[in-house]
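For reference, the chains in residue letters:
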Amino acid sequence: MKLIRHLAGYLPANITSALTSFGTVYVFTRLLGADEYGRYALMFSVMSLIHTVTLAPGEAAAYRYTAQANARGDTADHYATVRALLLRSLAFAAILTLILTIAVSHMPRYLRILPWIAVLFPLGTIIQATLEAHRASQQVQRYVIVYSTKLLGGFAVGALVAFYTHIGAAAPFIGLTCSSAVLCLFQAPWLMRAAKGGHADPARIRKYYAYGLPVAAALSLDLLLSVADRFLISLFLGEAAVGAYAAGYGVADKTILLLCAWAAMAGAPLVLAAFEEEGPEAAQREARGLVSTMLLLGLPAATGLALVAEPLAEALIGEDVRAGATRIIPWIAFAGLMNGLLMHYYSEAFQLAQKTREQALLMIIPAGINIIANIILIPLIGMIGAVVATIGSYVIGILVISLRGRRYIHFPFPFFAAGKIAIACAAMWPAVMLVPHFGSWLELFCKAAVGGVVYIAVALLIDAGGARAFVQDRLRTSSDAPTT
């Protein structure tokens, strides 16, 4: 299966993502403390929102139209148009950054982070646009190298800055800026060469904006689902509570989203190519393989995180924020799976059909419900109120997006396969509970190993989610590989 080969190709990038996600929580919750980690989480959320609102349209167009440009042979015009969109979008990012600077001008601890965020916008969008182009062109190795270098370099430099200085929440942003600057020395010339001789005509710019702006709006609303609660927690409970919530979120949500994104990295380009070359029915066939792989990887991971929440928090999260983080990890793990299905699977129907404006309008529903629910529940039951609001909003989002998306392309949900995967996941629980409590790291590794072995064994036994075909294809690929 081509999907499985792509999964193997993107595996190093996802291992890097996992290492840096866990490493960020492990290192920065200890070096920064609860308050500074809370400030880092808030400002990272603000940066992500501004980036998505202003710069994502060009990045989305870079992904959606690269395959089409390759087929037509007009890649120079395509990349020239992408470059034009990025330059225009940076002006809007600069305006929002200026507004943010004025808003936090009386908060020196936040203000010293802003110069690094301002530099990150142009560097980050160049790298992200080229990454999307590499992914759409199925240039797996190039994608993995750029993506992994950015994450590992940013984490390493940020950790060193945090350790040797007292700059606080600015340290992770300094690390990202340094790694992005180095990568731009290679990626910016690549984009310029790809656009050489091309022309960004107004009609094409309008077409790309017509696609990219609604995508950015939908992504922004989804991001708002994930981060609005942090601002409301800060308002009602304080920055230290944000640190605890963000730490638990960073361990649980990021882990599951990484697995969903891994499946999407490999499967979404295949769905797109099938749609462009053969039509909706071919896209549906590829989509079934994509969602089965998401569930095969994501559901046991969410179950496993829920089962090992306590030793995981003891091992990874600093003591100042550990107690609050431990309480939310099991619930956020399953919320992360719902988020992955929403944004990496069901939303693809609107993007393939180029109905992104409708997708953006529909995302207002769960985003609005999430904010209202947080305002009501956080004062009543604290951080758990934010968790309840998040899960409920994702359930509503999946129902709205999936049911409406069927009008354009029916993305199936494999209920029978999901049931088998759930049975294999349920088998993990008694096995993991038999492992005694004897310390954070050792207990974590033992429980993870036991749960993983049991899940794999049961999944293969009942062929959950096509597990046997997955393993057989990997063995066949390995045996066919050339030897020296």
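What you are looking at is a predicted structure, and each value in this text was computed from that prediction instead of being measured.

1. Points about the nonpolar core
Thought 1: In this structure, Tyr245, Ile317 and Phe411 are the most contacted members of the largest nonpolar core, which totals 117 residues.
Thought 2: In this structure Phe411 touches Val271, Ala287, Tyr345, Tyr346, Glu348, Ala349 and Leu352, once residues within four positions along its chain are discounted.
Thought 3: In terms of nonpolar packing, the next biggest core, distinct from the first, is built from 21 residues, Tyr65, Leu86, Ala133 and Ala195 among them.

2. Overview of the packing of aromatic side chains
Thought 1: Counted under the stated rule, the structure contains 19 aromatic pairs.
Thought 2: Ring geometry for Tyr143 and Tyr147: centres 5.5 Å apart, planes at 15°, overall stacked. Of the two residues, Tyr143 and Tyr147 are both situated in helix α6 (residues 140-164); the distance of four residues between them amounts to about one turn of the helix. In this structure, Tyr143 and Tyr147 share a single accessibility class: buried.
Thought 3: A network of ring pairs unites the aromatic residues Phe28, Tyr37, Tyr40, Phe44, Phe155 and Phe173 as a single cluster.
Thought 4: Above the plane of the ring of Tyr26 lies Arg30, whose end atom (NZ or CZ) is 4.0 Å from the centre.

3. Some thoughts on the packing of helix α10 (residues 280-307) against helix α16 (residues 415-426)
Thought 1: α16 packs onto α10 with a crossing angle of 25° between their chain directions and a minimal axis gap of 10 Å. As far as their axial angle goes, α16 and α10 are roughly parallel. The handedness of the crossing between α10 and α16 comes out as right-handed. Counting all contacts with α10, which are made through Ser292, Leu295, Leu296, Leu299, Pro300 and Thr303, the residues of α16 involved are Ala418, Ile421, Ala422 and Cys425.
Thought 2: Residue composition of the contact of α10 with α16, grouped by class: eight nonpolar, two polar and no charged.

4. Here's the deal with helix α3 (residues 75-103)
Given 3.6 residues per helical turn, the α-helix brings residues three or four places apart onto the same face.
Thought 1: Helix length check: α3, at 29 residues, gives a terminal C-alpha distance of 41 Å against a target of 42 Å (1.5 Å per residue), a fit within 8%.
Thought 2: Against α2 (33-72), α5 (114-136), α7 (171-194) and α8 (202-237) lie the buried residues of α3.

5. Things to note about the side chain of Ser179
Thought 1: With respect to the helices and strands, Ser179 occurs in helix α7.
Thought 2: For Ser179, the side chain forms a polar contact with the main-chain oxygen of Lys150, separated by 3.1 Å.
Thought 3: If sequence neighbours within four positions are ignored, Ser179 has contacts with Thr149, Lys150, Gly153 and Gly154.

6. Comments concerning the environment of Glu132
Thought 1: Turning to its location among the elements, Glu132 is positioned in helix α5.
Thought 2: Along the backbone, Glu132 and Arg64 are 68 residues apart, and their C-alpha atoms lie at a distance of 8.6 Å.
Thought 3: Those residues in contact with Glu132, other than ones at most four positions away along the chain, are Glu59, Ala62 and Tyr63.

7. Quick word on the pattern of salt bridges
Thought 1: For the coordinates displayed, the defined rule picks out nine salt bridges.
Thought 2: Residue Glu36 pairs with Arg109 through a salt bridge whose shortest N-O separation is 3.2 Å. On the criterion of sequence distance, the pair formed by Glu36 in helix α2 and Arg109 in helix α4 (residues 108-111) is long-range, its members being 73 residues apart.
Thought 3: You can call Glu36 buried: its relative accessible area is 9%.
Thought 4: The salt bridge involving Asp74 is made with Arg204; its shortest N-O contact spans 3.1 Å. With Asp74 in the loop between α2 and α3 and Arg204 in helix α8, this residue pair connects regions lying 130 residues apart in the sequence.
Thought 5: Judged by relative accessible area, which is 19%, Asp74 ranks as buried.
Thought 6: By relative accessible area, Arg204 is classed as buried at 14%.
Thought 7: The network of salt bridges with common partners includes Glu36, Arg39, Arg109 and Glu239.

8. A closer look at α16
Thought 1: In this model, α16 (12 residues) spans 16 Å end to end at C-alpha, consistent with the 16 Å of a helix rising 1.5 Å per residue.
Thought 2: Taken together, the buried positions of α16 are Ala417, Ala418, Ile421, Ala424 and Cys425. An end-on view of α16 places all buried positions within 120° of arc, on one side of the element. Opposite the buried face of α16, by more than 90 degrees, sit the exposed residues Phe415, Phe416 and Ile423.

Cut-offs and rules
Every chain begins its residue count from 1, and numbering advances along the sequence as written. This being a predicted model, a pLDDT of at least 70 is required before a residue's local features are given, and a value of 80 or more before pairs of side-chain atoms are given or counted; all residues contribute to the totals for chains, interfaces and linings. To obtain the side-chain values, all non-hydrogen atoms of the structure were used and water was disregarded. To form a nonpolar core, buried Ala, Val, Leu, Ile, Met, Phe, Trp, Tyr and Cys residues must be joined to one another through side-chain atoms within 4.5 Å. Buried, partly exposed and exposed residues are distinguished by accessible area as a fraction of the type maximum, computed with a 1.4 Å probe on protein chains only: under 20%, between the cut-offs, and over 50%, respectively. Working rule for contacts: check all heavy atoms of both residues, and any pair within 4.5 Å makes them a contact. The aromatic pairing rule takes the rings of Phe, Tyr and Trp, using the six-membered ring of Trp, and pairs them if the centres are within 6.5 Å, calling planes under 30 degrees apart stacked, those over 60 edge-to-face and the rest tilted. For helices the rule is a DSSP run of H or I covering at least 4 residues; for strands it is a run of E covering at least 2, with both sets numbered from the N terminus onward. A ring has a charge above it when a Lys NZ or an Arg CZ is no more than 6 Å from the ring centre and no more than 35 degrees off the ring normal. Fitted lines through C-alpha atoms serve as axes, helices being fitted only where they are in contact, and the angles separating the N-to-C directions of these axes extend from 0 to 180 degrees. With respect to orientation, any angle under 35 degrees is reported as roughly parallel, any angle over 145 as roughly antiparallel, any angle of 65 to 115 as roughly perpendicular, and every other angle as oblique. By the definition used in this description, the sense in which the near helix is turned from the far one sets the handedness, with an anticlockwise turn below a right angle giving left-handed and a clockwise turn giving right-handed. We call Asp, Glu, Lys and Arg charged. Ala, Val, Leu, Ile, Met, Phe, Trp, Tyr, Cys and Pro are nonpolar, and the rest, Gly among them, are polar. Every helix has an expected span of 1.5 Å times one less than the residues it contains. A 3.5 Å cut-off defines polar contacts: any pair of N or O atoms within that distance qualifies, except that in protein one atom must be a possible hydrogen donor and the other a possible acceptor, and neighbouring residues in sequence count only when both atoms are side-chain atoms. The salt bridge criterion pairs a side-chain nitrogen of Lys or Arg with a carboxyl oxygen of Asp or Glu, the two atoms within 4 Å. Here the arc refers to the set of directions running from the helix axis out to each C-beta atom.

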